[in-house]
Amino acid sequence: MTSNDKKVKVTLIKSLIGTKQSHRATARGLGLRGINSSVELEDTPAVRGMINNIYYLVKSEA
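Computed from a prediction, not measured in an experiment: that's the story for all the values here. (Residues numbered from 1 in each chain as written. Predicted model: local features only at pLDDT ≥ 70, side-chain atom pairs only at ≥ 80, totals over all residues. Heavy atoms only, no water.)

(A) Quick peek at the pattern of salt bridges. A complete count under the given rule lists 3 salt bridges for this structure. Here D43 ties to R48 by a salt bridge, and the two come within 2.7 Å at their closest N and O atoms. Accessibility expressed as a relative area gives 30% for D43, which makes it partly exposed. The closest approach of N and O atoms between K59 and E61, which form a salt bridge, is 3.8 Å. (Salt bridge = Lys/Arg side-chain N within 4 Å of Asp/Glu carboxyl O. Buried < 20%, exposed > 50% of the residue type's maximum accessible area, 1.4 Å probe, protein only.)

Below, the structure is given as structure tokens:
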């Protein structure tokens, strides 16, 4: 496994209702739709920044 194969699993654990519009857009950009939806994404600085932006809504696993 090379460094380019690194993945991070992101799960939405809280509702998007009542959050900022930009945070809702970030969750949608990550591919998260509803509570308990999960996606597996490339571990890039851009994705990490999006996760950090909505850290209180998601759970991430390396």
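(B) Expanded view of helix α1 (residues 21-30). All buried positions along α1 are accounted for by H23, T26, A27 and L30. Here the buried residues of α1 occupy an arc of 100° about the axis, which is enough to place them on one side. Residues Q21 and G29 are exposed on α1 and point more than 90 degrees away from its buried face. Where α1 is buried, its residues contact β2 (38-42) and α2 (45-53). (Helix = DSSP H or I, 4+ residues; strand = E, 2+ residues; numbered from the N terminus. Arc of directions from axis to C-beta. Contact = heavy atoms within 4.5 Å.)

(C) Quick look at the packing of α1 against α2. Axis separation between α1 and α2 bottoms out at 10 Å; the angle between their running directions is 140°. One finds that α1 runs oblique with respect to α2. The crossing of α1 and α2 is left-handed. For the pair α1 and α2, the contacting residues are H23, T26, G29 and L30 in the first and V47, M50, I51 and N53 in the second. Split into classes, the residues belonging to the contact of α1 with α2 amount to 4 nonpolar, 4 polar and no charged. (Axes fitted to C-alpha atoms, helices over the stretch in contact; angles between N-to-C directions. Parallel < 35°, antiparallel > 145°, perpendicular 65-115°, else oblique. Left-handed = near helix turned anticlockwise from the far one by under 90°. Nonpolar A, V, L, I, M, F, W, Y, C, P; charged D, E, K, R; others polar.)

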